[in-house]
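# Commentary on secondary and tertiary structure
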Amino acid sequence: MIAQLNFPSDAPATIGGLVDYNPYAVNAVTKTWLYEPLMIRNGITCKVTPWLATDFTWDGGATTLDFTIRDGVKWSDGQAFTAKDVAFTLNLAKQYAALDRAGIWTDVFGAPAKSVTATGNKIRIEFTGNAAPKFDELIKMQVLPEHVYGKVGDPTKYIDKAPVGTGPFKVGSYNGRRLELVRRADYWQADKVKVQKLVLEGNFEAAQAALKLKAGQLDAYQGEIPNPKRAFIDADPKTNHLYFPPNGMTVFSPNVEKAPFNDVKFREAIAQGFNRQEMSDKATYGIMKPASQTGLKLPAAANLLPEQYAANGGANTVIPFDTAKANQMLDAAGYAKGPDGKRTTPDGKPINITFTVQAGYIDYQSMAEVIVRDLNAMGVNSKVLATAPESVDAQKKSGDYQAMLEYLHGGCENAKNIGGKLASNQIPTKTAILGNVERFREASTDATVKELSATVDEAKQKELVGKLVDTMMTKYPVVPLIYAPARIFYRTDKAVGWPDEANPYAQPADDRLLIITNLKPAK
């Protein structure tokens with residue numbers, strides 16, 4: 001048994017002395033260790049691990065979703081957990097909209113539910129139409145005990161000072177700053193929990209976290225630490241480790257409604273001239289690899305690659321840095337260089353690119369400097385404009401920009417992620433920033449995204465994702481640059497079994513319940 005592990009606090013730094021374990025409260029003391037979800041989907045591999053639900057089935061039209069609820073689970077006060085608790089929680093989200101984090105009862109990402117019922121150990125959710133896109137958020141809903149929360153009125157206003165959860169720990173003590181959680185011997189999978197006590201304390205910036213990790217005062221940390229090799233690993237390479245799997249990617253996002261970015265030949269050409277490795281070196285100290293043009297995070301999502309891009313696990317879809325090739329392609333597309341070495345459009349107009357980047361985003365600014373230097377090396381006259389993040393957000397809404405950096409999420413709902421980057425109904429509005437910041441429009445792609453949103457058939461999903469991948473590879477709506485990580489820094493002097501490249505069983509930043517059930521004492 002591991003006597004104790006120390007993690008940073010789950011709670012916001014502004015929590016003060018308020019004691020509230022309500023998992024749906026903004027300032028809950030912890031949202032991780034007391035209440036549990038139905039299932040956990042690994043955001044890296046997309047594998048679903050049964051938790052309070054043991055399996056699920058959709059009907060063919062994704063209008064009815066059935067869960068089987070695990071038998072033998074007890075709340076921490078000894079009462080039996082049942083399917084009725086699940087139905088209670090999901091129906092509570094209908095009555096109190098603030099609880100509906102999954103949008104079960106709204107038409108956001110799929111049709112709204114019309115009923116949730118429990119029969120024996122089964123839960124049936126019936127929707128008014130296709131609701132496939134709701135699945136990932138729905139299974140994250142943390143289940144509340146009906147015998148407690150059924151008596152408190154509005155659960156979003158309830159201050160939960162005596163938590164009754166199904167999770168692996170119960171509260172030992174809390175002094176307003178330091179939370180001690182004690183292992184539950186009656187937890188439904190107690191045999192997998194080898195940690196006797198968790199201590200959660202402090203909200204640390206990067207330098208503080210590095211110092212505490214090196215001193216053994218923290219056993220894991222999921223925040224950012226600049227130059228992690230020098231700041232943490234090199235202090236004790238045998239004990240100190242990190243795992244940075246790709247969680248998404250940073251992309252070059254041109255405004256495709258404006259020249260010269262409205263020309264796919266121009267977009268394809270400049271994609272050849274970006275030094276992605278140098279961007280990684282400067283922005284991530286070389287940890288994150290250059291990203292695939294497919295928009296998929298590889299190698300984790302290699303199984304979704306269509307045949308024409310699948311060779312070498314998709315390695316050939318990472319565009320190599322080749323300024324000479326970029327110049328040849330720009331010449332061939334009619335973007336001639338003048339005597340001053342600057343290119344003009346095919347109709348002879350000068351090209352002047354302003355690349356907008358958020359001031360203070362050090363990694364983004366490092367990448368922007370490389371991008372603008374590379375564009376100028378291709379004869380594309382360019383400059384960086386660092387401005388307030390709020391100003392960049394305003395430009396995303398208005399479309400009044402030429403090029404910037406954006407994030408392409410690599411989660412498992414591809415209709416939301418790649419699809420959200422390409423669908424014309426996801427172009428930002430005057431009041432909302434949506435995924436398609438570059439303003440790409442194509443009717444056939446819209447139809448593909450709509451069809452992908454509606455299917456739960458894995459073979460069909462792969463076929464449709466393949467069409468979106470082909471759009472990325474041939475239309476260059478955005479240009480992926482480097483992968484963006486989910487992070488964990490950890491020590492192995494007390495516990496082993498953390499997720500890593502050899503065993504990526506958990507998304508390290510989010511899947512903490514999975515991690516705690518895989519840790520074992522170090523020998």
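Note that the structure is a prediction, hence the values are computed from the model and not measured.

A word on the side chain of N275. Relative to the helices and strands, N275 resides in the loop between α6 (264-271) and α7 (276-284). Look at N275 and you get buried, because its relative accessible area is 15%. For N275, the side chain forms a polar contact with the main-chain nitrogen of E278, separated by 3.0 Å. With residues near it in sequence (within four places) discarded, N275 still touches F321, V370, R373 and D374.

The feature "domain: Solute-binding protein family" (unreviewed entry), as annotated in UniProt, sits at residues 47-411 in this numbering. Across residues 47-411 one finds 24% helix and 22% strand; the C-alpha atoms that close the span lie 11 Å apart.

Another aspect to go through is the sheet that holds strand β8 (residues 169-174). Pairing in this open sheet of 4 strands is mixed, and the strands run β1-β10-β9-β8 from one edge to the other. Each edge of the open sheet carries a strand with a single partner, namely β1 (5-7) and β8. This sheet shows a mean twist of 25 degrees between the axes of neighbouring strands, independent of strand direction. For β8 and strand β9 (residues 178-183), the ladder comprises 5 bridges, and the chain directions are antiparallel. Bridge pairing in β9 links K170 to V182.

Here the focus is the state of the cysteines. A full pass over the atoms with the stated rule returns 1 disulfide. Put simply, C46 and C412 are joined by a disulfide, and their sulfur atoms are 2.2 Å apart. A torsion of -100 degrees about the S-S bond marks the disulfide between C46 and C412 as left-handed. Here C412 lies in the loop between β16 (403-409) and α11 (418-422) and C46 lies in the loop between β2 (39-41) and β3 (48-50), a separation of 366 residues in the sequence.

With that settled, the discussion passes to the packing of helix α12 (residues 443-454) against helix α13 (residues 458-475). Where α12 contacts α13, the axes come no closer than 10 Å and their chain directions differ by 150 degrees. The angle between α12 and α13 places the two elements in the roughly antiparallel class. Judged by the sense of rotation from one axis to the other, the crossing of α12 with α13 is left-handed. Contacts from T445, T448, V449, E451 and L452 in α12 reach K460, Q461, L464, V465, K467, L468 and T471 in α13. For the contact of α12 with α13, the class distribution of residues is 5 nonpolar, 4 polar and 3 charged.

Let us look at the nonpolar core. Formed by 75 residues in total, the largest nonpolar core has its most connected members in L38, F67, I125 and L198. For this core, the leading source of residues is helix α1 (residues 83-95), giving 7 residues. Those residues in contact with I125 that lie beyond four places of it in its chain are T63, T64, L65, F67, L90, A113, S115, V116 and L138.

Moving on, we get to the pattern of salt bridges. Across all of its chains, the model carries 25 salt bridges by this definition. In this structure, the salt-bridge partner of D234 is K229, at a minimum N-O distance of 3.0 Å. Residue classification places D234 among the partly exposed positions, given a relative accessible area of 40%. Here E406 makes a salt bridge to K396, at a shortest N to O gap of 2.7 Å.

On to the sheet that holds strand β7 (residues 122-127), then. Taken in spatial order, the 4 strands line up as β4-β5-β7-β6 in an open sheet, and their pairing is antiparallel. The open sheet has two edge strands, β4 (53-58) and β6 (113-119), and neither has a second partner. Going from strand to strand, the sheet's axes swing by 15 degrees on average, the running direction of each strand aside. Two strands pair when backbone bridges link them, and β6 and β7 are joined in this way by 6 bridges, in the antiparallel orientation. Within the sheet, the bridge partner assigned to V116 lies in β7 and is I125.

What follows is about the pairing of β4. Where β4 lies against strand β5 (residues 64-69), 5 bridges are found, and the strand directions are antiparallel. Bridge pairing in β5 links A53 to I69. Connecting β4 to the next strand, β5, in antiparallel fashion are 5 residues, including A62 with a positive phi near 55 degrees.

Here we take up the packing of aromatic side chains. Within the structure shown, the criterion is met by 20 aromatic pairs. Pairing F252 with F274 gives two aromatic rings, centres 5.1 Å apart and planes at 50 degrees, and the pair type is tilted. Remark: F274 occurs in the loop between α6 and α7 and F252 occurs in strand β13 (residues 246-254); sequence separation between them is 22 residues. Taken as a pair, F252 and F274 share a single burial class, namely buried. Grouped by ring-pair contacts, the aromatic residues F252, F261, F266, F274, Y335 and F355 constitute a single cluster.

Moving on, we get to unusual backbone geometry. At the junction of A259 and P260, the peptide bond is cis and its omega measures out at 0 degrees in the coordinates. You will see that Y285, though not glycine, has its phi angle at about 55 degrees, which is positive. One can find Y285 in the loop between α7 and α8 (323-332). Looking at Y285, the relative accessible area reads 45%, which means it is partly exposed. Notably, Y476 is not glycine yet its phi reads approximately 45 degrees, a positive angle. For Y476, a relative accessible area of 6% puts it in the buried group.

Rules used throughout
- Here the residue index of a chain counts from 1 through its sequence in written order.
- Only residues with pLDDT of at least 70 get local features here, since the model is predicted, and only at 80 or more are side-chain atom pairs given and counted; chain-wide, interface and lining totals rely on the full set of residues.
- Excluding hydrogens and water, the side-chain figures rest on all heavy atoms present in the structure.
- Numbering of helices and strands runs from the N terminus; a helix is a DSSP stretch of H or I covering at least four residues, while a strand is a stretch of E covering at least two.
- Note on exposure labels: buried denotes an accessible area under 20% of the residue type's maximum, exposed denotes more than 50%, and partly exposed covers the range between, all computed with a 1.4 Å probe on protein chains only.
- For this analysis, a polar contact is any N or O atom pair within 3.5 Å, provided that within protein one partner can donate a hydrogen and the other can accept it, and provided that sequence-adjacent residues contribute only side-chain to side-chain pairs.
- By definition, residues are in contact when any of their heavy atoms lie within 4.5 Å.
- UniProt positions are given in the numbering used here, feature names are shortened, and annotations may be inferred rather than shown by experiment.
- By the convention used here, strands pair only if DSSP detects at least 2 bridges between them.
- Axis angles are defined between N-to-C directions and span 0 to 180 degrees, where every axis is a line fitted to C-alpha atoms and, for a helix, only to the segment in contact.
- The definition used for a disulfide is geometric: two cysteine sulfur atoms within 2.5 Å.
- In this scheme, roughly parallel covers angles under 35 degrees and roughly antiparallel covers those over 145, while 65 to 115 is roughly perpendicular and the rest are oblique.
- Two helices cross in a left-handed way if the nearer one is turned anticlockwise from the farther one by less than a right angle. They cross in a right-handed way if the turn is clockwise.
- Under the grouping applied here, Gly and all other residues not named as nonpolar or charged are polar, the nonpolar ones being Ala, Val, Leu, Ile, Met, Phe, Trp, Tyr, Cys and Pro and the charged ones Asp, Glu, Lys and Arg.
- We call a set of buried residues a nonpolar core when its members are Ala, Val, Leu, Ile, Met, Phe, Trp, Tyr or Cys and they connect through side-chain atoms within 4.5 Å of each other.
- Criterion for a salt bridge: a side-chain nitrogen of Lys or Arg within 4 Å of a carboxyl oxygen of Asp or Glu.
- The rule is short: rings of Phe, Tyr and Trp, with Trp giving its six-membered ring, pair when the centres are within 6.5 Å, and they are stacked under 30 degrees, edge-to-face over 60, tilted in between.

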